[in-house]
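# Report on the structure
Letter by letter, the chains look like this.
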Amino acid sequence: MAKYINVNGIDIEIQKKKIKSLHLHVRPNGRVYVSAPNWTSEREIIRFVRANISWINAQLKKQEDRPGPDYYKSRKAELDKKIEILLPEWERITGLSCKSWHSRYMTSRWGSCIPSKGRLCFNLQLVDKPDGCLEYVILHELLHLIHPGHGADFKRDLDKYMPKWKTYSSLLK
Ligand SMILES: [Zn+2]
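Residues numbered from 1 in each chain as written. Predicted model: local features only at pLDDT ≥ 70, side-chain atom pairs only at ≥ 80, totals over all residues.

### With respect to the sheet that holds strand E3 (residues 23-26)
The strands that make up a sheet are held in pairs by hydrogen bonds between backbone atoms, and each pair lies either parallel or antiparallel. Going by this rule: The pairing criterion for strands is at least two bridges between them, as found by DSSP. For the purposes of this entry, the term helix denotes a DSSP run of H or I that reaches at least four residues, the term strand denotes a run of E that reaches at least two, and both are numbered from the N terminus. Angular values range over 0 to 180 degrees, each being the angle between N-to-C directions of two axes fitted as lines to C-alpha atoms, with helices fitted over their stretch in contact. A pair of residues counts as a contact when their C-beta atoms, built from backbone coordinates, are within 7 Å of each other.
Strand order in the open sheet formed by four strands is E1-E2-E4-E3, with mixed pairing between adjacent strands. The strands lining the two open edges of the sheet, one partner per strand, are strand E1 (3-7) and E3. Each neighbouring strand pair of the sheet contributes to a mean axis angle of 30°, computed without reference to strand direction. Pairing analysis gives six bridges linking strand E2 (residues 10-17) to strand E4 (residues 32-37), with the strands arranged parallel. Paired with glutamate 13 across the strands is tyrosine 33, a residue of E4. Where helix H1 (residues 42-51) meets the sheet, it contacts E1, E2 and E4, and its direction lies at approximately 45° from that of E1. Helix H2 (residues 53-65) contacts E1, E2, E3 and E4 of the sheet and is inclined by roughly 20° relative to E3.

Pasting the structure below:
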């Protein structure tokens, strides 16, 4: 049976273990627990938690600020709707076509392309950028179907299809 203490309105689980010192943990679901050496008294644990209460509150606050799954679902629907309109338009302009595409949350890139599979991927965070940026990424990834790198051929095609591409790419730095 898990044992709980309540400090400042926060339920905290106590996990006694064969360890040497007290540790605090805040799980992504907002669960807080203390791992404590087997010999620690409850009073000592409470003292430890009180001493760290501002850290716990800061961690919990951070998790509240983190967007939940519903947020991503609605942003994804919003972005996908735009891509459904813009991608065919850019396929028509360039004469290139992808076999499939999807969008997902990425941290290090705005889009990706697997030329051998004709598969494009778009970063969910594009939904917060001007539509021109999304169009630029669509064009950029479409061009990777025929240009593997970012060389002169690639840039020449960018210039040709979207003379202002640098304006949008600089907004994505
Ligand atoms: Zn690229």
